[in-house]
Amino acid sequence: MSTVVDELGARLKTYEGRAAAVAGKGKDPVNEPMIRHWCEAMGDTNPAYVGPDAVAPPTMLQAWTMGGLSGYTGRTGRTGRTGAYDELFDLLDEAGCTSVVATDCEQEYLRPLRPADEVTFDAVIESVSDRKTTKLGTGYFVTTRMDVRVGPYLVGTHRFRILKYAPAHKKGNGKERREGKREGVRARRPRPVVNRDNAGFWEGVQRHQLLIQRCTDCGTLRHPWLPGCNACGGPDWDTIEASGEGTVYSYVVMHHPPFPAFDPPYAVGLIELAEGVRIVSNVVGVPYDKVRIGLLVRLEFQRYDDEDGPLVLPVFRAQEDREGGAG
Ligand code: ZN
């Protein structure tokens, strides 16, 4: 691939630095009701976001630039969109890169936003990557940077990256894929996405230990693993090993869409561990239609082998003839 002159890539590169939006204007000023709804949805009770001196949660940055379901038509605000982004997308579509997936977002906060602030924004196509091949397919990463201002002041930047790609060719006909079969070989089970925030959890699973993070400042347990404590904000933590006892707190039965490597219908449980935290996992050892809220379950580790080698996952086995709660 590196020996092939990438003409499309060269054309795409000419879009770097071009404006994607100019002089956009937020649909609503920064306001208390939107802040309140956001905090309720996020479960964020930080006192900085209420009262006469309230500021907006920094992570709301993009919310003040969005048009909402009704878009920007017929009300205040304007997108400021130029044609450059659409042109770039058209070029990629024509080249067969018809699929798109958002890959990541970075935000930087420079000044707090307060109710009544009127937000304006500009966006630029910051970079277009070289042609990349990922498991999804081959395409280009496009990074857009939005600068958000109040008056002359830059209050924050929002970088948004997408992969626009040609889907990788799938082997087998549609029916075989739907049934999770590929030339007689069962489709691979999805692998966990391991990163530096959760690596310790998956290392524990390899050792057949389910480790729960514990804040060493306030002692609050948390799962899934996070870099900081939701209760006190503390960055330091250690772990405790789960006893393995739990109950089904809630569950869903998956019928559709069928995923290769799974045989629907099957139950996905939200398990409340004896320690109080909850984990999403499979409930095994019981038919899917016998899973119910309050069912007592016990942790075990299941090994799955396929062409990609062994995979160990925590699952929860129903404890026969026993039920939690007042039963
Ligand atoms: Zn804490």
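Fair warning: this is a prediction, and the values are worked out from it, not measured in the lab.

A.B. asks: Would you take a moment to explain the overall build of the protein chain for this structure?
C.D. replies: Within the protein chain, the regular secondary structure consists of 5 helices and 16 strands. Taking contacts inside the protein chain between residues at least 6 apart in sequence as the whole, the part at least 24 apart equals 64%. Total accessible area on the protein chain stands at roughly 19100 Å², and carbon and sulfur atoms take up 53% of it.

A.B. asks: I would appreciate a short explanation of the pattern of salt bridges in the present structure.
C.D. replies: Think of it this way: side chains of opposite charge can pair up when their charged atoms draw near. Taken as a whole and judged by the stated rule, the model has 18 salt bridges. A salt bridge links Glu106 to Arg161; the nearest nitrogen and oxygen atoms lie 3.8 Å apart. Here the residue Glu106 occupies a position in strand S2 (residues 99-109), and Arg161 occupies one in strand S6 (residues 153-167), the gap between them amounting to 55 residues. In this structure, Asp122 engages Arg149 in a salt bridge whose closest nitrogen and oxygen atoms are separated by 3.3 Å.

A.B. asks: Would you mind going over the pairing of strand S12 (residues 245-254) with me for this structure?
C.D. replies: Side-chain positions along a regular strand alternate between the two faces of the sheet. With 3 bridges joining them, S12 and strand S15 (residues 295-306) adopt antiparallel strand pairing. Across the sheet, the residue bridging to Thr247 is Leu296, located in S15. Note that S12 and strand S13 (residues 266-273) share 8 bridges and pair antiparallel. Bridge pairing in S13 links Thr247 to Glu272.

A.B. asks: What am I meant to see in the sheet that holds strand S11 (residues 237-241) here?
C.D. replies: Strand pairs in the sheet, formed through backbone hydrogen bonds, run parallel or antiparallel to each other. The sheet built from 3 strands is open, its strands ordered S10-S9-S11 with antiparallel pairing. The open sheet has two edge strands, strand S10 (221-222) and S11, and neither has a second partner. Pairing geometry for strand S9 (residues 211-215) and S11, over 5 bridges, is antiparallel. Bridge pairing in S11 places Ile212 opposite Ile240.

A.B. asks: What am I meant to see in the confidence of the model for the protein chain here?
C.D. replies: One rule of thumb: low pLDDT means the predicted coordinates there are not for detailed reading. Taken over all residues, the pLDDT of the protein chain has a mean of 88, while the share at 70 or more is 89%. Considering each helix and strand of the protein chain separately, the mean pLDDT is smallest for strand S7 (residues 181-182), with a value of 44, and largest for S9, with 98. Low pLDDT, under 50, characterises residues 171-183; the predicted model gives this stretch 14 contacts beyond four residues in sequence or across chains.

A.B. asks: How should the coordination of the zinc ion be read in this particular structure?
C.D. replies: Working reference: metal with six octahedral donors, ideal angles 90 or 180 degrees; metal with four tetrahedral donors, ideal angle 109.5 degrees. Within the protein, the zinc ion binds to Cys215 (SG), Cys218 (SG), Cys229 (SG) and Cys232 (SG); these donor distances fall in the range 2.3 to 2.4 Å. On the primary sequence, the residues serving as donors to the zinc ion are separated as C-x2-C-x10-C-x2-C.

A.B. asks: Which parts of the structure should I look at to understand the environment of Pro227?
C.D. replies: Within the fold, Pro227 resides in the loop between S10 and S11. Considering only alpha carbons, one finds Pro227 and Trp237, 10 residues apart in sequence, at a separation of 8.7 Å. Filtering out sequence-adjacent residues up to four positions away, Pro227 remains in contact with Asp197, Arg222, Pro235 and Trp237.

A.B. asks: Any chance you could explain the nonpolar core here in plain terms?
C.D. replies: Soluble globular proteins: nonpolar side chains tend toward being buried together. By size, the foremost hydrophobic cluster in this structure holds 34 residues, and its most contacted members are Leu113 and Ile125. Contributions of two or more residues to this core are made by helix H1 (7-13), strand S1 (19-25), helix H2 (32-42), helix H3 (84-94), strand S3 (119-128), strand S5 (137-150) and S6. Excluding residues that lie within four positions of it along the chain, Ile125 makes contacts with Tyr15, Glu16, Gly17, Arg18, Ala20, Ala84, Tyr85, Leu88, Val142 and Thr143. In terms of nonpolar packing, the next biggest core, distinct from the first, is built from 29 residues, Ile240, Ile271, Val297 and Leu299 among them.

A.B. asks: What should I look at first to understand the pairing of S13 in this one?
C.D. replies: Relative to strand S14 (residues 278-284), S13 runs antiparallel, the two sharing 5 bridges. Each bridged residue has a counterpart across the sheet, and for Val268 the counterpart in S14 is Asn282. Between S13 and S14, which pair antiparallel in sequence order, lie 4 residues; one of them, Gly276, sits at a positive phi of approximately 110 degrees.

A.B. asks: What's the story with the packing of aromatic side chains in this structure? I'm lost.
C.D. replies: Within a pair of aromatic rings, the relevant descriptors are the distance that separates the centres and the angle that separates the planes. A full pass over the atoms with the stated rule returns 5 aromatic pairs. Relative to Trp202, the ring of Phe201 lies with its centre 5.0 Å away and its plane at 85 degrees, an arrangement referred to as edge-to-face. Here the two residues Phe201 and Trp202 agree in accessibility, since each one is buried. In textbook terms, an aromatic cluster arises when at least three aromatic residues are bridged by ring pairs, as seen for Phe201, Trp202, Trp225 and Trp237. The lysine or arginine in question, Arg111, covers the ring of Tyr153, its NZ or CZ lying 3.9 Å from the ring centre. The ring of Tyr304 carries Arg189 above its face, with NZ or CZ at 4.1 Å from the centroid.

A.B. asks: Please clarify how H3 should be interpreted in this entry.
C.D. replies: In an α-helix there are 3.6 residues to a turn, and that puts residues three or four apart on one side. Three or more residues of H3 are buried, namely Ala84, Tyr85, Leu88, Leu91 and Leu92. Across the axial projection of H3, the buried residues extend over an arc of 125 degrees, all falling on one side. Here the buried face of H3 lies against H1, S1, S3, S5 and S6. Of the residues trailing H3, Gly96 is marked for its positive phi of about 95 degrees.

The rules behind these values
Numbering of residues starts from 1 in every chain and runs along the sequence as written. Where local features are concerned, this predicted model is filtered to residues with pLDDT of at least 70; where side-chain atom pairs are given and counted, the filter is 80 or more; whole-chain, interface and lining totals use all residues. In computing side-chain values, all of the structure's heavy atoms are included and hydrogens and water are not. Strands are runs of DSSP state E lasting at least 2 residues, helices are runs of H or I lasting at least 4, and numbering of each runs from the N terminus. In this description, contact between two residues means that some pair of their heavy atoms is separated by no more than 4.5 Å. Surface accessibility follows the Shrake-Rupley procedure with a 1.4 Å probe radius. Residue values consider only the protein chains on display as shielding. Salt-bridge detection follows one rule: a side-chain nitrogen of Lys or Arg within 4 Å of a carboxyl oxygen of Asp or Glu. When DSSP locates at least two bridges between a pair of strands, those strands are taken to pair. For every residue, the predictor assigns a confidence score, pLDDT, that lies between 0 and 100. Each metal's donors are the N, O and S atoms found within 2.8 Å of it, except that Na, K and Ca use a 3.2 Å limit; water is left out, so coordination can look incomplete. Definition used in this section: a nonpolar core is a set of buried Ala, Val, Leu, Ile, Met, Phe, Trp, Tyr and Cys residues joined via side-chain atoms within 4.5 Å. A simple rule labels every residue: compare its accessible area, found with a 1.4 Å probe on the protein chains alone, to the largest value its type can have, and call it buried under 20%, exposed over 50%, or partly exposed in between. Only the six-membered ring of Trp is used, alongside the rings of Phe and Tyr, when aromatic pairs are assigned; centres must lie within 6.5 Å, and planes under 30 degrees apart are stacked while those over 60 apart are edge-to-face, with the rest tilted. By the criterion adopted, a ring carries a charge over it if an Arg CZ or a Lys NZ lies within 6 Å of its centre and within 35 degrees of its normal. The arc in question is traced by the directions running from the helix axis to the C-beta atoms.

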